[in-house]
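Chain by chain, the residues run as shown.
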Amino acid sequence: MRILRSVFGAGVALLTCALMTPTRAADIKIAVAGPMTGSTAAIGAQMKAGVTAAVDALNAAGTLGAKVELVVADDVCDPKQAVAVANRLAADAVSLVVGHYCSSSSIPASNVYAEAGVLQITPGSTNPQLTERGLKNVFRVCGRDDQQGIIAADHILEHHKGKTIAVLDDRSTAGKGIADVVAARLSARGVKDLQRGSYVAGERDYTALVSRLKRDGSQIVYIGGYYTEVALIVRQAAEANAKFTVMSNDPLMTKEFWNLASDAAQGTLFTFMPDPTKNAAAADVVAQLTARNVTPDGFTLYAYAAVQMWANAVKRAGSFETAKVAAALRAAPVDTVIGSLQFDAKGDNTAPGFLVYRWHNKVAEPVP
Amino acid sequence: MTYLVQQLVNGVTLGLIYGLIALGYTMVYGIIGMINFAHGDVFMIGAFVALIFLASLSTFGLSLPIALALAMTFAVAITSLYGWAIERVAYRPLRGSFRLAPLISAIGMSIALQNFVQISQGAQPKALPTMLAGGITLLSHDGFDVELSWIKIAIIVVTLAVLAGFTWLVTRTSLGRAMRACEQDPKMASLLGVDTDRTISLTFILGAGLAAVAGLMFLLYYGVADFFMGFIAGIKAFTAAVLGGIGSLPGAVLGGLLIGLIETLWSAYFSVAYKDVAAFSILVLLLIIKPSGLLGRTDAEKV
């Protein structure tokens, strides 16, 4: 009987503890939203790893005086899912959304966040339209496609002068957007006979497209798209013995690209922001991530920096209110893992910078 | 000219993959008059089983033909087991109920299989390194070489062999006779001593085995597998089966070939982005002219 009573007592004590916890401090919810499943999932995983590490660091240091709780939301890189996810996060009253990744998701979701007064910082949506619509709650850590496309086009003009060029896109917001920028820049700088085309994302068979490029004698093929399709095109081109070099945009910064394309990936070019893992400021975070078996590649540190920017702005504003935090975000530069970062009036990164990289022996290395 | 030949080779290969999957749809429809919407996902299971075996076999350092033969055997065996279980769990309890019930349970099965693989294998596309590299140059003219890779040859040979084998099975063996008897009149067939349950079970097992062969070929050709791959491939193959005349084995392969060729040739000479529009427009036109499909028979309704 005594044993029973003590068990009961322990149970009551446990229950009270469990009931007490949430009332101790008001938790702050933030979310990471992006493609956690589907054909762009490797990038969603990068974002999630970065944000998780940043949240853990905030909680360990107790910087904000409140526990930060992380919500993970999956938009499958699909605009309809993105809007559904955005509505759910808005109803959940999250203070910050780090995301989304695909521009076709970020742009419709940003309307929902603007209406609900939720702060949105994207680590990877590069389409200019995201910040061009005068929304006060939208920021981006990465660069824009009207910068990225120019770098890509100028690289082609400088290193592959006089070659036959084709420009393709997957008809997505980001893919078509950047392909248009590249094609316009190439034409403006005197390239004639530019082949322009598009393909359907989500397919597996691109042999017809590859044979067509081979017949046209294309030597450089610029593709605005995502890594799965680009990998399949590169792989099928190697199989068809079509000797063209593919250049693409930022989604190629993931090992998954090499895994999917295997050796055919050798020599594929793409543009991405400077690799922040070598920054002195990032050394600790890189070590922490490596200890957790996470490779801090691609957008991982950009997502980490988004949370750092927000936490810093919250401290300066002394409030979690979106309008005040947004004003603080615009006010001053912050030292983050990707270097000193400042937002302009539109919410864009003032000094993003893009570099040209090349896949070489399983490693993405900058092209000098 | 060489360009056309190359695109025909591309189109035939793609079409035969559609045809291989379409055979599974058409066999099941032929025997119980039901569209097995989970068939595309059985194909996906086949690809994953083959992927897992190929990935683990490579650690033993087996030679390529042995590794492929083993992977094919395992994939067909395990996927057939899935086919049997699906029929047992989702379709047999509903036999004799109204026509739409098994259709709905097929869609449910399809979603269940997708989610099962998504959870157990992860949501990212899985890659297989190129195993059958290289090939032969068929023609060379005007600086354009027509390449025929080994994997394309393998797909063509395997599909035609499977088609021949199954046509023989359906027209010449006692199992085939039982299948045709069930197709015509299940009640009468069972009165005359045909074990209809067993025949239907075997049809599902054979259909799943076919899907596994298609899954392995698809995996070797494109080098990727993901939990969602059965959806698009399934829709295309189902379309192929309808186009060829659902219920007819050669019709399924013919329908697959036609869709593959239309898609490829449209991409080759017109727009890559609108190839599906072309393929499905032709499907609609053809079904208006010949509602039973290319090789389908119109059943005379007995009054």
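Look above for the structure.
**Q** Please clarify how the overall build of chain B should be interpreted in this entry.
**A** Secondary structure assignment for chain B yields 11 helices and four strands. Taking 19 Å as the expected radius of gyration for a compact globule of 303 residues, we find that chain B reaches 20 Å, a close match to that expectation. Overall, chain B is about 65 × 50 × 35 Å in size when its C-alpha atoms are taken along their principal axes. Within chain B, the proportion of its 303 residues that are buried is 51%. Contacts spanning at least 24 positions in sequence make up 74% of the contacts within chain B whose residues lie at least 6 apart. Element-wise, carbon and sulfur atoms account for 71% of the exposed surface of chain B, whose accessible area totals about 13600 Å². Positive and negative side-chain charges in chain B, numbering 16 and 14 respectively, have mean positions lying 9 Å apart.

**Q** Help me understand the packing of aromatic side chains, please; the structure alone is not making it clear to me.
**A** Each aromatic ring pair is described using two quantities: the centre-to-centre distance and the angle formed by the ring planes. Applying the stated criterion to the full structure yields 24 aromatic pairs over all chains. Centroid distance F257 of chain A to W359 of chain A: 6.1 Å. Interplanar angle 40°. Geometry classified as tilted. Taken together, the residues span a long stretch of sequence, with F257 of chain A in helix α9 (residues 255-261) and W359 of chain A in strand β13 (residues 355-360) at a distance of 102 residues. Across the pair, exposure class does not vary: F257 of chain A and W359 of chain A are buried alike. Above the plane of the ring of Y274 of chain B lies R171 of chain A, whose end atom (NZ or CZ) is 5.2 Å from the centre. When the ring centre of Y3 of chain B is taken as reference, the NZ or CZ atom of R215 of chain A above it lies at 4.1 Å.

**Q** What is the right way to look at unusual backbone geometry in this model?
**A** Residue and element names in this part refer to chain A. Here the residue pair G99 and H100 is connected by a cis peptide bond, since its omega of -5° sits within 30 degrees of zero. By the secondary structure assignment, H100 is in the loop between β3 (96-99) and α4 (103-116). One non-glycine residue, V76, lies in the positive phi region at around 55°. Examined against the element boundaries, V76 turns out to sit in the loop between β2 (68-74) and α3 (79-91). Given the relative accessible area of 32%, V76 is considered partly exposed.

About the criteria used
- Going along each chain's sequence as written, the residues are numbered from 1 onward.
- Key to labels: chains lettered from A, ligands numbered from 1, both in the order written.
- For this predicted model, a pLDDT threshold of at least 70 governs which residues receive local features, and a threshold of 80 or more governs which side-chain atom pairs are given and counted, while totals over whole chains, interfaces and linings are taken from all residues.
- Side-chain numbers here rest on the full set of heavy atoms in the structure, without hydrogens or water.
- Numbering of helices and strands starts at the N terminus; helices are DSSP runs of H or I of at least 4 residues and strands are runs of E of at least 2.
- We compute the radius of gyration over the C-alpha atoms and compare it with the globule rule, which gives 2.2 Å times the number of residues raised to the power 0.38.
- The buried label applies to any residue whose accessible area, calculated with a 1.4 Å probe on protein chains only, is under 20% of its type's maximum; exposed applies above 50%, and partly exposed to all values in between.
- What makes two residues a contact is simply this: any of their non-hydrogen atoms within 4.5 Å.
- For the accessible areas, the method is Shrake-Rupley and the probe is 1.4 Å, while residue cover comes only from the protein chains on display.
- We treat Lys and Arg as the positive residues and Asp and Glu as the negative residues; His and chain ends play no part in the count.
- Taken as the charge centre is NZ of Lys, CZ of Arg, CG of Asp or CD of Glu, depending on the residue.
- Each Phe, Tyr or Trp ring (for Trp, its six-membered ring) is paired with any other whose centre lies within 6.5 Å, and the angle between the two planes then decides the class: stacked below 30 degrees, edge-to-face above 60, tilted in between.
- Consider the ring centre and the ring normal. A charge sits over the ring if Lys NZ or Arg CZ is within 6 Å of that centre and within 35 degrees of that normal.

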